[in-house]
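Chain by chain, the residues run as shown.
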Amino acid sequence: MGNYMGTYTTWMCFTQKYFGITEAGPPQDVKEVFKEFADSGSYMTVEQLRRFLVEVQGNYDTSVADAEWIVEEVLQRRHVKLTKQRNLTLEDFHYYLFSVDLNPPINNQVHQDMGAPLSHYFIYTGHNSYLTGNQISSDCSHVPIINALKRGLRAVELDLWPNFAKDDDLVLHGWTFTAPVELIKCLRSIKEHAFSASPYPVIITLEDHLTPDLQAKVAQMVTQTFGDMLFYPETECLNEFPSPEELRYRVIISTTPPKEYIDGKASRKGKCFNSQKERYSDEDVSGRASVDLTTETCDENEKSDCDKSEHIQYSGDSDASDPFGALAYKRLIAIPARKPKGGLKKKLRVELDDTVRRLSLSEQKFEKASVSYAADVVRFTQKNILRIYPRAVRVNSSNYNPLIGWMHGAQMVALNMQGYGKCLWLTHGMFRSNGGCGYLKKPDFLMRVGPDDQVFDPKAKMPVRKVLKVKVYMGDGWHIDFKEKHPSFWSPPDFYARVGITGVTSDKKMNKTKKRKVNGTPVWDEEFEFPLTVPELALLRIEVREYNMSEKNYFAGQTCFPVSELRPGFHAVPLFNRKGEQYSSVRLLMRFQIEPVYALP
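Residues numbered from 1 in each chain as written. Predicted model: local features only at pLDDT ≥ 70, side-chain atom pairs only at ≥ 80, totals over all residues. Heavy atoms only, no water.

(A) Representation of the overall build of the protein chain within the structure. For the protein chain, the helix and strand inventory stands at 17 helices and 22 strands. Counting every atom, the protein chain has about 25400 Å² of accessible surface; 49% of that belongs to carbon and sulfur. (Helix = DSSP H or I, 4+ residues; strand = E, 2+ residues; numbered from the N terminus. Areas by Shrake-Rupley, 256 points an atom, 1.4 Å probe, with all protein chains shown as cover.)

Here it is as structure tokens:
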């Protein structure tokens, strides 16, 4: 079989050249709802359409003007010569329902409260945002950063290392064969594209391995590049993070305070930091890939806890220290990253003086924390920010399941955006919600503390609270988006759709439609039900494939949406390719119904 987009095997080898592309008519349900609201007539008036939008689609604030605009738009697209009659036929009505831009499955506007502290939100976060491919030998570039920001990413990671002469700052994945890119190029690209998809703040997490002099140079570079866009905290000891609304169009720096500054602060009384000689380090296994490929993480009770290798700061001659550079660098840090020395429980403690911070844990350490200290994780994330990043053995830039982080309140679940696969599809889908702004308000239950200090437990057995009914009617557009590759392939495809829920363990379920052999528009007309115990954390995942007896089933599109964002009624659902890019024409016609069963007290 051939390749689509360079690397993707695909089934689509038929076009109108070989088969007459036949389009199916409106499904029976569409005919019946048209008949109902058109009062059994042949046309649907503007007012009848408005009633349909309110009563079936759940668009309760739809005005007559809104319905008029839809009618005008449909008639202009479908009819060359406009008639004086401003009504919709059944075919016009079906066209409207099956149009992605006119009738999408989720709200495309920001609709959540954006005035809470940053710790109350899930944040669209990237890992090693500068890499073009794998973690070992791919090039570093500003282009992946631009692409991610255009998609709506809000947290960019840059690994900073000195050049060979130790007189300039480079961005690269340390101790690997990745080719570096200049820091200034990355900063300028962030400035230019930071708010192309969202007005809400961009967080730059810096993993620096620099001399004090180079830290001072970074401070100057960042300040000059971003100017008034840069957010400076009013105090070095924040008790609460500002809100996304307060930080609109601002750039935020998050990193570990310079070692010289920490050492100086630790010797003074009455300040934010402990007088203990704890060494704070932030994260990443940058520069440790060759070690971690064969070495598991240290036991949490070991004194080193692997921290001293996770964030390496320059430890050369003390004469090289620049206290003024350290202060300038420290002044940039709006979200301080601190990791107290010790086991996981100590790292997850809430500071006694109520100051907030960011903590970073590797994927495998977080998995351990979610098993042994799940309640501590949830409590920590109610005020502080937790960032999770992929384990170093993912050298091919694969990803982990982000839901385990979101279930425990982790705000910054960092994924390799240059990769692809189901885990990344979940992240793309999650952050399509709330207008694609990159910030999603965490469910209220993740922020609550009970009278006995209990917090949300995703593993606890809970009652079914809602039932989601999903009906898959039909699909279209493959003959447009999937081009002919092999004219020797003469059999029309057998389409089937996989429809399921990803969420807490009790909510996970995957169903599959029957196969449909068609020359154009597959029609399934099948309905599935999904009982949901935690609908706020449930994602609806859809994948279309073409069945092949002799080989594996071929990918034909996918999509994912948070259940809480789905609009009731009939909707056109766009499909995306493996990289998460939306097809121009491939789509499904579906119906969603959400029925409440039990409400949380």
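(B) Spotlight on a nonpolar patch on the surface. A contiguous nonpolar surface patch, about 250 Å² in accessible area, is contributed by V464, V597 and Y598. With respect to the element layout, V464 can be found in the loop between strand 13 (439–441) and strand 14 (466–476). (Patch = residues over 30% accessible without salt bridge, like charges linked within 9 Å, V, L, I, M, F, W, Y side chains within 5 Å. Salt bridge = Lys/Arg side-chain N within 4 Å of Asp/Glu carboxyl O.)

(C) The nonpolar core, seen in detail. In this structure, L158, I190, I204, F226 and L386 are the most contacted members of the largest nonpolar core, which totals 71 residues. Element by element, the count of residues in this core is highest for helix 7 (residues 212–226), at six residues. Contacts of I190, omitting those with residues within four sequence positions, involve I145, L149, V156, L158, V202, I204 and F226. (Core = buried A, V, L, I, M, F, W, Y, C linked by side-chain atoms within 4.5 Å. Buried < 20%, exposed > 50% of the residue type's maximum accessible area, 1.4 Å probe, protein only. Contact = heavy atoms within 4.5 Å.)

(D) Representation of the pattern of salt bridges. Summed over the entire model, instances satisfying the criterion amount to 25 salt bridges. Where K217 meets D168, a salt bridge forms, and the shortest distance between an N and an O atom there is 3.2 Å. With K217 in helix 7 and D168 in the loop between strand 4 (155–162) and strand 5 (169–171), this pair connects stretches of sequence that are 49 residues apart. K217 gets classed as partly exposed once you look at its relative accessible area, which sits at 31%. Between E363 and R394 there is a salt bridge; the shortest N-O distance is 2.8 Å. In this pair, E363 sits in helix 13 (residues 363–372) while R394 sits in the loop between strand 11 (385–389) and helix 15 (403–407), placing the two residues 31 residues apart along the sequence. For the pair E363 and R394, one class covers both residues: buried. Here the residues in one salt-bridge network are E363, E367, R391 and R394, joined through shared partners.

(E) Local environment of helix 4 (residues 90–97). By the criterion of burial, helix 4 is predominantly enclosed, with six of the eight residues buried. Within the sequence span of helix 4, burial applies to L90, D92, F93, H94, Y96 and L97. Turning to helix 4, the residues buried within the fold contact helix 1 (28–37), helix 2 (46–55), helix 3 (64–78), strand 14, strand 21 (569–576) and strand 22 (582–596).

(F) Broad picture of the sheet that holds strand 8 (residues 251–255). Pairing is mixed across the open sheet formed by six strands, whose spatial order is 6-5-4-7-8-9. Of all strands in the sheet, those with a lone pairing partner are strand 6 (181–182) and strand 9 (333–336), marking the two edges. In this sheet, strand 9 lies alongside strand 8 in parallel orientation, the contact comprising three bridges. Within the sheet, the bridge partner assigned to I253 lies in strand 9 and is I333. (Pairing = 2+ DSSP bridges.)

(G) View of unusual backbone geometry. For D39, which is not glycine, the phi dihedral falls at a positive 55 degrees. Inspection of the secondary structure puts D39 in the loop between helix 1 and helix 2. Located in the positive-phi region is K166, a residue other than glycine, with phi close to 60 degrees. Residue position: K166 is located in the loop between strand 4 and strand 5. Looking at K166, the relative accessible area reads 48%, which means it is partly exposed.

(H) The arrangement of the pairing of strand 19 (residues 539–547) in detail. In terms of residue burial, strand 19 counts as a mostly covered element, since eight of its nine residues are buried. For strand 15 (residues 494–502) and strand 19, the ladder comprises nine bridges, and the chain directions are antiparallel. Bridged to G500 within strand 19 is R541.

(I) Spatial organisation of helix 14 (residues 374–381). The buried fraction of helix 14 is high, at six of eight residues. Here helix 14 has its buried residues at A374, D376, V377, V378, F380 and T381. Of the surrounding secondary structure, the elements contacted by the buried residues of helix 14 are helix 12 (344–347), strand 10 (358–362), helix 13 and strand 11.

(J) Broad picture of the pairing of strand 20 (residues 554–562). With nine of nine residues buried, strand 20 lies mostly within the body of the structure. Relative to strand 20, strand 19 runs antiparallel, the two sharing seven bridges. Note that in strand 20 the partner of E543 across the bridge is Q558.

(K) Molecular detail of the environment of P340. Topologically, P340 is positioned in the loop between strand 9 and helix 12. Here P340 falls in the buried class, since its relative accessible area comes to 0%. Along the sequence, P340 and L359 sit 19 residues apart, while their C-alpha atoms lie 9.2 Å from each other.

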